[in-house]
Amino acid sequence: YELEDYELAFDYTQRAKETKPEMGNVEVLLGDMYVEKDDLTEAVASYKRALEIDGNKPETMVSLAVVYTKQGLYAFAEELLTAAIEIDANSSTAFQYLGFVQLYLYKNNLDLALGSYKKAAQIDEKDWMARKGIGVVYMLMYMKDKDETTKQKALDQWDVSLAIKSDQPELKKLYKQCTG
């Protein structure tokens with residue numbers, strides 16, 4: 001799978017599922033493969049089967065929530081992410097995606113998304129996506145209040161995100177537009 005021979009990996013994973021249908025991690029792997037193939041309906045089905053087999057594993061819940069987000073089902077994603085955080089309050093990934101979902105659901109309450117992104121960054125200071133998200137929220141706040149301090153907070157967070165992961169062409173472009 002990691003060598004990008006997806007069809008072969010998919011075939012082996014399907015065989016593993018047929019041999020041991022009670023293995024939730026096989027369903028998670030299938031879900032991941034379906035996401036790679038952009039078959040979100042099958043990804044949802046695989047992640048749900050994994051949750052039925054192994055119970056509510058936060059990592060699987062987050063994976064399912066990400067697919068729901070891709071499908072535009074933000075309320076379902078929020079519910080799953082909140083449940084995952086109740087099980088594992090140290091899941092930076094769950095907080096990071098919760099911040100993203102909250103941006104879409106509660107556009108008028110940016111503080112809610114900001115809090116989730118900040119919690120993700122607090123748990124994992126190397127979470128470049130959380131730092132990027134914090135910057136986006138601050139920039140949205142700046143667009144409302146025109147406070148230069150808020151704009152600088154956004155740029156500072158984007159600097160941190162780029163320092164952690166420099167290969168972010170969209171963020172570099174956005175940064176350039178905002179500093180222009």
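All of these numbers come straight from a predicted model, not from anything done at the bench.

Caption draft 1: Just the overall build of the protein, in detail. Each helix and strand counted, the protein has 10 helices and zero strands in total. Along the protein, helices (α) and strands (β) appear in the sequence α-α-α-α-α-α-α-α-α-α when read from the amino end. Taking the contacts inside the protein whose residues are at least 6 apart along the sequence as the reference set, 44% of them involve residues at least 24 apart. Taken as a whole, the protein presents about 10,200 Å² of accessible surface, with 51% of it coming from carbon and sulfur.

Caption draft 2: Broad picture of the packing of helix 6 (residues 92-105) against helix 8 (residues 128-145). Relative orientation of the contacting elements helix 6 and helix 8 amounts to 25°, with a least axis distance of 9 Å. Relative to helix 8, the element helix 6 is oriented roughly parallel. Considering how the two elements wind past one another, helix 6 and helix 8 form a crossing that is left-handed. Together, Q96, Y97 and L103 of helix 6 and M129, A130, V136, V137 and L140 of helix 8 make up the contact between the two elements.

Caption draft 3: Molecular detail of the pattern of salt bridges. Considering all chains together, one arrives at two salt bridges under this definition. One salt bridge in this structure joins D54 and K57, with 3.8 Å as the shortest N-O distance.

Caption draft 4: Region of the structure containing unusual backbone geometry. Unlike most non-glycine residues, D38 shows phi in positive territory, near 65°. Among the secondary structure elements, D38 is positioned in the loop between helix 2 (24-36) and helix 3 (40-54). Despite not being glycine, K146 shows a phi value in the positive range, around 55°. One can find K146 in the loop between helix 8 and helix 9 (148-164). We classify K146 as exposed; its relative accessible area is 53%.

Caption draft 5: Main features of helix 5 (residues 74-87). Between its terminal C-alpha atoms helix 5 stretches 20 Å, which fits the 20 Å expected from 14 residues at 1.5 Å a residue. Those residues of helix 5 not exposed but buried are Y74, A77, E78, L80, L81, A84 and I85. In this fold, the buried residues of helix 5 make contact with helix 4 (58-70) and helix 6.

Caption draft 6: Structural view of helix 4. With 13 residues, helix 4 should reach 18 Å at 1.5 Å per residue; the first-to-last C-alpha distance of 18 Å fits that figure. Most of helix 4 is tucked away, with 11 of its 13 residues classed as buried. Residues P58, T60, M61, V62, S63, L64, A65, V66, V67, Y68 and T69 constitute the buried set of helix 4.

Caption draft 7: Spotlight on the side chain of R131. Residue position: R131 is located in helix 8. The buried charged residue R131 lacks any salt bridge partner; its closest oppositely charged side chain belongs to E125, at an N-O distance of 5.9 Å. Here the side chain of R131 touches Q157 through a polar contact of 3.2 Å, side chain to side chain. Apart from residues no more than four positions distant in its own chain, R131 is found in contact with A121, E125, Q157, W158, V160, S161 and I164.

Caption draft 8: Layout of the packing of aromatic side chains. Across all of its chains, the model carries four aromatic pairs by this definition. Between the aromatic rings of Y68 and F76, the centroid separation amounts to 5.7 Å while the plane-to-plane angle is 45°, which identifies the pairing as tilted. Judged by its relative accessible area of 9%, Y68 is buried. Centroid distance Y74 to Y104: 4.7 Å. Interplanar angle 5°. Geometry classified as stacked. Pair noted here: Y74 is in helix 5 and Y104 is in helix 6, with a separation of 30 residues, a long-range link. Of the residues examined, Y104 reaches a relative accessible area of 38% and is grouped as partly exposed.

Conventions and cut-offs
Residues numbered from 1 in each chain as written. Predicted model: local features only at pLDDT ≥ 70, side-chain atom pairs only at ≥ 80, totals over all residues. Heavy atoms only, no water. Helix = DSSP H or I, 4+ residues; strand = E, 2+ residues; numbered from the N terminus. Contact = heavy atoms within 4.5 Å. Areas by Shrake-Rupley, 256 points an atom, 1.4 Å probe, with all protein chains shown as cover. Axes fitted to C-alpha atoms, helices over the stretch in contact; angles between N-to-C directions. Parallel < 35°, antiparallel > 145°, perpendicular 65-115°, else oblique. Left-handed = near helix turned anticlockwise from the far one by under 90°. Salt bridge = Lys/Arg side-chain N within 4 Å of Asp/Glu carboxyl O. Buried < 20%, exposed > 50% of the residue type's maximum accessible area, 1.4 Å probe, protein only. Expected span 1.5 Å × (residues − 1). Lys, Arg positive; Asp, Glu negative; His and termini not counted. Polar contact = N/O pair within 3.5 Å; in protein donor to acceptor, adjacent residues only side chain to side chain. Phe/Tyr/Trp six-rings, centres within 6.5 Å; stacked < 30°, edge-to-face > 60°.

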